[in-house]
Amino acid sequence: MSLPLGLLKTARPRQWIKNVLVVAAPAAAGELFTRGTAAQLAIVFCLFTAAASAVYLINDARDAEADRAHPEKCRRPVAAGQVPVPVAYAAGGLLAVLAPAAAALLCTPMTSALLTAYVGMQLAYCISLKHVLVVDLVVVTTGFLMRAMIGGVALGIPLSRWFLITTGFGALFMVSAKRYSEAVKSDPGKLGATRALLTEYTTGYLRFVWQLAAGVAVLAYCLWAMEEGGTGLLPWRQLSMVAFILAILRYAVFADRGTAGAPEDVVLRDKPLALIALVWVGMYGLAVADL
């Protein structure tokens, strides 16, 4: 069982939580609980997870030699020899082909095209784009945006411009905060060993990026909320702005401390942030239901 477990670990199960973003567009449009939506979104989640896993497998196979010289990455299954490099390449390549093909059969051609674009972009990132200033931030951010878009694309739901702007800049906020935390916490003499491009960024620049992204995300969300009316008892959509801004401010605490290097840990382990998120979900749900 060593090889299967190694392949599973290389596929980064902890990162699969990011793929929950596939429900974002249907939820924002109030289509989350319509007939057939849950089954379709479950398929989309699995397909995107397969595509993302393909990228992780190929990335680790390509970086195996460099990872063996790294104090932490040397424990990755491919670098440690638990998963042979050719097997990682083969598994990654198979998933990279099967995920878009299955999307064309089980979803829509546009879903398949989006998955293909995601895989191609991420592989280009692994090969060269992660070494290009600013472009690396854009590629990672676009990966999150594609996750948020694909649920709507699969279900044929029109994507609001405010939804795309809020999601895109919210993702850029988290990505740049992660890079800032890595730069702050890393030993300046070892930055090249952890993430070479961090030597090209200054902490001041990365701070500017996450602050700018947070501001644009908040502004776009507020404009989105104010644009939509409702006949419910209270203006829930407008009230949800308070919870959204509080969530941004709470996450910014970790970004400012340089402890936002693992966004999934921040989101899952910080109880106040989880409570704020639940309040926001409740308010937005009431707005969609028009209660």
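Note: the structure precedes this text.
Each residue is numbered by its place in its chain's sequence as written, counting from 1. Under the rules for a predicted model, residues below a pLDDT of 70 receive no local features and side-chain atom pairs below 80 are neither given nor counted, while totals for whole chains, interfaces and linings still include all residues. Derived side-chain values reflect all non-hydrogen atoms in the structure, with water molecules and hydrogen atoms excluded from consideration.

Quick word on the side chain of Ser240
Just so we agree on the cut-off: For the purposes of this entry, the term helix denotes a DSSP run of H or I that reaches at least four residues, the term strand denotes a run of E that reaches at least two, and both are numbered from the N terminus. Polar contact is the term for a pair of N or O atoms within 3.5 Å; when the atoms are in protein, one must be able to donate a hydrogen and the other to accept it, and sequence-neighboring residues count only if both atoms are side-chain atoms.
The residue Ser240 is located in helix α12 (residues 236-257) in this model. Among the polar contacts listed, one links the side chain of Ser240 to the backbone oxygen of Arg237, at a separation of 2.5 Å.

Topic: the packing of aromatic side chains
Describing an aromatic ring pair means giving the distance of the ring centres and the angle of the ring planes. Heads up, the condition is: Side-chain rings of Phe, Tyr and Trp, where Trp is taken by its six-membered ring, are said to pair if the distance between their centres is within 6.5 Å; with planes under 30 degrees apart they count as stacked, over 60 as edge-to-face, and otherwise as tilted. Relative accessibility thresholds used throughout: buried, under 20% of the residue-type maximum; exposed, over 50%; partly exposed, between the two (1.4 Å probe, protein chains only). Each ring is checked for a lysine NZ or an arginine CZ that lies within 6 Å of its centre and within 35 degrees of its normal; such an atom marks a charge sitting over the ring.
Inspection of every chain in the model, using the stated rule, returns 12 aromatic pairs. Aromatic pair Phe173 and Tyr251: ring centres 5.5 Å apart, planes at 65°, arrangement edge-to-face. On the criterion of sequence distance, the pair formed by Phe173 in helix α9 (residues 161-185) and Tyr251 in helix α12 is long-range, its members being 78 residues apart. Of the two residues, Phe173 and Tyr251, both sit in the buried class. One residue, Arg147, lies across the ring of Phe144, its end atom 5.4 Å from the ring centre. In this structure, Arg257 is placed above the aromatic ring of Phe254, and the distance from its NZ or CZ to the ring centre is 5.9 Å.

Some words on the packing of helix α8 (residues 135-155) against α9
Selection rule: As a rule, the C-alpha atoms of each element are fitted with a line to give its axis, helices using only the stretch in contact, and angles between N-to-C directions run from 0 to 180 degrees. Relative orientations are named as follows: roughly parallel for angles under 35 degrees, roughly antiparallel for angles over 145 degrees, roughly perpendicular for angles from 65 to 115 degrees, and oblique for any other angle. Two helices that cross are described as forming a left-handed crossing if the nearer one is turned anticlockwise from the farther one by less than a right angle, and a right-handed crossing if clockwise. In what follows, residue pairs with any heavy atoms lying within 4.5 Å of each other are defined as contacts.
Orientation of α8 relative to α9, taken along the N-to-C sense of each, is 135°, at an axis distance of 8 Å. With respect to each other, α8 and α9 are oriented oblique. As α8 runs across α9, the sense of the crossing is right-handed. Listed contacts from α9 to Asp136, Leu137, Val140, Thr141, Phe144, Leu145, Ala148 and Met149 of α8 are Phe163, Leu164, Thr167, Gly168, Ala171, Leu172, Val175, Ser176 and Arg179.

Side note on the nonpolar core
Applicable threshold: By nonpolar core we mean a set of buried residues, namely Ala, Val, Leu, Ile, Met, Phe, Trp, Tyr and Cys, connected to one another through side-chain atoms within 4.5 Å.
Core analysis: the largest hydrophobic core is formed by 69 residues, its most contacted members being Leu115, Tyr118 and Phe173. If near-sequence neighbours (up to four positions away) are discounted, Phe173 is found in contact with Trp210, Ala213, Ala214, Ile248, Tyr251 and Ala252. Ranked by size, the runner-up nonpolar core spans 5 residues in total, among them Ala61, Ala64, Val78 and Ala88.

Remarks on the environment of Asp63
Here Asp63 lies in the loop between α3 (37-62) and α4 (64-68). For Asp63, a relative accessible area of 15% gives the class buried. Sequence spacing of Asp63 and Ala104 is 41 residues, and the spatial spacing of their C-alpha atoms is 31 Å.

Function cannot be inferred from these measures alone, as they are strictly geometric.
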